[in-house]
Amino acid sequence: QVHIVESGGDVVQPGGSLRLSCGASGITFNIHSMAWFRQAPGKQRELVASITMGGSTNIADFVKGRFTISRDDAKNTVHLQMSSLKPEDTAVYYCKVQSGSYPFEFWGQGTQVTVSS
């Protein structure tokens, strides 16, 4: 059974920082990539950042320069380091794991990030 668990969401003031973590367990296949998405109320879910197991990264323009994504292969874990947070960053942040061997993808339940004064 594959389980994807996100953590690290919190309430933070504008300009603050948070570090989100995503751990994948029960993985018996090669992972192609892991990614962070976010969804604010009434808005479309959008890609924030992704990283392949080969090390290639993609950062969305709206967070470039403020967010970074990293991975820990030994633990099948990815992190999203967020700085200079803005109110518009408020959303539920979801982690996605993409299989490299089969057309499978798995999502976590999300972690809430709220940026407010």
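Everything discussed here concerns the structure shown above.
Residues numbered from 1 in each chain as written. Predicted model: local features only at pLDDT ≥ 70, side-chain atom pairs only at ≥ 80, totals over all residues. Heavy atoms only, no water.

Quick look at the packing of aromatic side chains
Describing an aromatic ring pair means giving the distance of the ring centres and the angle of the ring planes. Worth spelling out the cut-off: Two aromatic rings, drawn from Phe, Tyr or Trp (for Trp, its six-membered ring), form a pair once their centres lie within 6.5 Å of each other, and the interplanar angle then sorts them: stacked below 30 degrees, edge-to-face above 60, tilted otherwise. Each ring is checked for a lysine NZ or an arginine CZ that lies within 6 Å of its centre and within 35 degrees of its normal; such an atom marks a charge sitting over the ring.
The full count for this structure, using the stated rule, is four aromatic pairs. Note on Y102 and F104: the rings are 5.7 Å apart at their centroids and 25 degrees apart in plane angle, and the pair reads as stacked. Aromatic ring contacts, followed pair by pair, group F29, Y102, F104 and F106 into a single cluster. The ring of Y94 carries R45 above its face, with NZ or CZ at 3.8 Å from the centroid. Seen from the ring of W107, R45 lies directly overhead, with NZ or CZ sitting 4.9 Å from the centre.

Focus: the nonpolar core
Nonpolar side chains tend to gather and get buried jointly when the protein is soluble and globular. Short version of the rule: For the purposes of this section, nonpolar cores are sets of buried Ala, Val, Leu, Ile, Met, Phe, Trp, Tyr and Cys residues that join through side-chain atoms within 4.5 Å. The buried label goes to any residue with under 20% of its type's maximum accessible area, the exposed label to any with over 50%, and the partly exposed label to all in between, with areas taken from a 1.4 Å probe on protein chains only. For helices the rule is a DSSP run of H or I covering at least 4 residues; for strands it is a run of E covering at least 2, with both sets numbered from the N terminus onward. Any pair of residues with heavy atoms lying within 4.5 Å of one another is described as a contacting pair.
Ranked by internal contacts, the top residues of the largest apolar core, which has 30 residues, are M34, W36, V48, F67, L80, M82 and Y93. Counting only elements with at least two residues in this core, the list comes to β3 (18-25), β4 (31-39), β5 (46-52), β7 (67-72), β8 (77-82), β9 (91-99) and β11 (111-115). Beyond its immediate chain neighbours, meaning those up to four positions away, M34 contacts C22, A24, S50, I51, M53, I69, N76, V78, C95, K96 and V97.

Observations regarding unusual backbone geometry
Phi at S84 is positive, roughly 50 degrees, even though this residue is not glycine. One can find S84 in the loop between β8 and β9.

Some points on the sheet that holds β7
The following threshold applies: Only strands that DSSP links by at least two bridges are regarded as paired with each other. Axes here mean lines fitted to C-alpha atoms, for a helix over just the part in contact, with angles spanning 0 to 180 degrees between N-to-C directions.
Within the open sheet, the four strands sit side by side as β1-β3-β8-β7. Their pairing is antiparallel. The two strands at the open ends of the sheet, each matched to only one other strand, are β1 (3-7) and β7. With direction set aside, neighbouring strand axes in the sheet form an average angle of 15 degrees. Alignment of β7 against β8, held across six bridges, turns out to be antiparallel. Bridge pairing links I69 to L80 in β8.

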